[in-house]
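Coordinate analysis (summary)
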Amino acid sequence: MNVVGRIVSGDFDTVKIRQKASETIEMGDLLVAENQNSYTILQVHDLMYGSQISNKEKNLVAGMKLEGYGRDLDFTDPELSNYIIADLKSLVTVEKNNNTSHSPKKLPQFFSGMRRAKDKDFNFIQTHEKPLVIGNVRTGSQKLDVEINLPGEEVLRHHILVPASTGKGKSNLVKTMAWELLDQEYCGLLIIDPHNEYYGTQGTPGLSNHPMANQFVEAYSPGKNQVGVNKLVINIQELKPWDLMKVIELSNAQTEAINAYYQEHKENWIKELMLSQEPINNIQEVTLETMKRKLAVYLDIHEKNNQLTCKGIFDEKAGESTIENIVQSLESTKTLILDTSNLEAKIELLVGSIIANRLFNRYKKYKSTDQINQKPVISIVLEEAPRVIGENSIIQSGNIFEKIAREGRKFKIGLTAITQLPSVIPRQILANMNTKIILGMEMRSERNSIVESASQDLSKDDRNIATLDKGEAIITSTFTDFAIPIKIPYFKKIVDQTQQKPTEQIEFRGIT
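To keep things clear, this report deals only with the structure shown in the data block. Just so it is clear, the model here is predicted, and its values are computed rather than measured.

**A short note on the side chain of Ser 38**
By secondary structure assignment, the location of Ser 38 is in strand 4 (residues 38–51). Of the residues examined, Ser 38 reaches a relative accessible area of 5% and is grouped as buried. Not counting the four nearest positions on each side in its chain, Ser 38 is found in contact with Thr 93, Val 94, Glu 95 and Lys 96.

**Focus on the pattern of salt bridges**
Summed over all chains, the structure comprises 25 salt bridges. The residue Lys 334 makes a salt bridge to Glu 218 at a minimum N-O spacing of 3.0 Å. Here Lys 334 is found in the loop between helix 10 (322–331) and strand 18 (335–339), whereas its partner Glu 218 is found in strand 12 (residues 217–221), with 116 residues between them in sequence. Residue Lys 334 is classed as partly exposed on the basis of its relative accessible area, which comes to 22%. Note that Arg 358 and Asp 243 form a salt bridge whose closest N and O atoms lie 2.8 Å from each other. Note that Arg 358 is positioned in helix 11 (residues 345–368) and Asp 243 in helix 6 (residues 241–244), a separation of 115 residues in sequence. Both residues of the pair, Arg 358 and Asp 243, count as buried.

**Quick word on a positive patch on the surface**
A grouping of Lys 364, Lys 367, Lys 403, Arg 409 and Lys 410 is seen on the molecular surface, where their side chains present a positively charged patch. Locating Lys 367 in the fold gives a position in helix 11. Classification of Lys 367 as partly exposed rests on a relative accessible area of 38%.

**Side note on the nonpolar core**
Across soluble globular proteins, nonpolar side chains show a tendency to be buried alongside one another. Counting 80 residues, the largest nonpolar core has Phe 314, Ile 380, Ile 389 and Phe 401 as the members making the most contacts within it. With 11 residues, the top contributor of residues to this core is helix 11. A domain-level breakdown of this core finds at least three residues from each of domain 2 (131–233 + 321–500) and domain 3 (237–315). Residues contacting Ile 380, with those up to four places away along its chain left out, are Leu 190, Ile 192, Ala 356, Phe 401, Ile 404, Ile 413, Gly 414, Leu 415 and Thr 416. Val 94, Ala 117, Val 137 and Ala 164 belong to the second-largest nonpolar core, a separate cluster that totals 58 residues.

**Concerning the pairing of strand 10 (residues 160–163)**
Across the two faces of strand 10 the burial is the same, with Ile 160 and Val 162 and Leu 161 and Pro 163 all buried. Relative to strand 21 (residues 435–438), strand 10 is paired through two bridges, and the arrangement is parallel. The residue bridging Leu 161 from the neighbouring strand is Lys 436, located in strand 21.

**As for the sheet that holds strand 20 (residues 413–419)**
Sheets are built from strands that pair by backbone hydrogen bonding, the pairs being arranged parallel or antiparallel. Across the sheet, which stays open at both edges, the 12 strands sit in the order 9-8-23-22-21-10-20-19-11-18-12-13 with mixed pairing between neighbours. Among the strands making up the open sheet, the edge pair consists of strand 9 (142–151) and strand 13 (229–231). Strand-to-strand twist of the sheet, defined as the mean angle between neighbouring strand axes without regard to direction, takes the value 25°. Pairing between strand 22 (residues 472–477) and strand 23 (residues 484–487): four bridges, direction antiparallel. By the bridge assignment, Ile 474 is partnered in strand 23 with Pro 485.

Calculation notes
Residues numbered from 1 in each chain as written. Predicted model: local features only at pLDDT ≥ 70, side-chain atom pairs only at ≥ 80, totals over all residues. Heavy atoms only, no water. Helix = DSSP H or I, 4+ residues; strand = E, 2+ residues; numbered from the N terminus. Buried < 20%, exposed > 50% of the residue type's maximum accessible area, 1.4 Å probe, protein only. Contact = heavy atoms within 4.5 Å. Salt bridge = Lys/Arg side-chain N within 4 Å of Asp/Glu carboxyl O. Patch = residues over 30% accessible without salt bridge, like charges linked within 9 Å, V, L, I, M, F, W, Y side chains within 5 Å. Areas by Shrake-Rupley, 256 points an atom, 1.4 Å probe, with all protein chains shown as cover. Lys, Arg positive; Asp, Glu negative; His and termini not counted. Charge placed at Lys NZ, Arg CZ, Asp CG, Glu CD. Core = buried A, V, L, I, M, F, W, Y, C linked by side-chain atoms within 4.5 Å. Domains from an automatic or database assignment. Pairing = 2+ DSSP bridges. Axes fitted to C-alpha atoms, helices over the stretch in contact; angles between N-to-C directions.

Just distances and angles here, no functional claims.
Set out below in structure tokens:
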């Protein structure tokens, strides 16, 4: 056994080892303590200096070297006098006789040697029936040849949170996940894409490069400036009063007004309201005029000579089947990319809300008629998630996305929420995000919010999270036995490899 350190002290929370002089231990390294019938995998969460020399003597020798007195001056047996101490926490214990894993319940043997984790130490990991492939087990900055997957249907249904600082690889991670899920028949994805980065463009690979993209990818864009992308047009008859509520600020009188027009004119309510010369049902004229202005601003539809003029994505004649087609595609396990990069934030969220409302109501009906188990799970990917589920969200509290965050798992609809600011998401919603794939985060306040809502104890991982480089992550989930450090592949590399070997079968192992 190649020993890299030896246990010298500690307790159940933190095991302290002394690093061997010829070895280098990194933050996040996975080390193994062997026992007769089992072994325990531990992770480094802090590093510090240790010395047998008094501070007074160390300061004196350092000063002499700095000032040029005795360039060759050093301590006797420096590798024994000065050393590195590493703090580790126990992750998982594996029984050798049956290769099963469980939470550690005892300390490794005192003074025992520690070795680096190897691929075979993770043979206890099993493959799930409906996998969601994430990446490889990571030890420090090194990747092991052990691929990790999670139970995809359950993970998507119970929501995923991807918190990270800018530039740490959020989009790369989600594109990698979407790529792996794209041809899986147990799920559909709705990606609301405010940066137009998921479908792909010439020179920038995206999900349209997937070998099965023709069958499983659909994209909508207001501009329709790419081959294979549908023009996003929604007929105003598709809008219901409840689609506008929680998205557009409405007074009680305005809410009553749009409900009254819907009751009176059904799917023609917007047209009748915009062209109305006299209010109906005792609605005040000022309320009617205010609603006309709001609808004109938000929907970009205008009245002229008693006719409607539509300038944006909402139209009087076209787009009658857009919403139905999108919902049907999701139910057919497709990945639906909604390019909202040219839309104002509120219009983007209005469109997302309309689709989410239709989807949620349809799946509620499936639940009530006992058809839900035959339906695929749907995940809605939300970039900059605090815009809709944060304490100061752009749209009002109680919106459809909050409802899905709180109740969606019962109806097989989940969120994949991406954010730089998890601290502004209410604690209850954070707790409902049962899987968190944590990328690098510099701000301590943001790390704290994640640590406090994690499925496993991450109280020792503050520095590990702060030191994560791009493509490095920690998975904490109710569907894993321990928080797993992983290395996420680069999306472009996956695309390149797939195009070179389009029929290659990827094998992986999962975590139980």
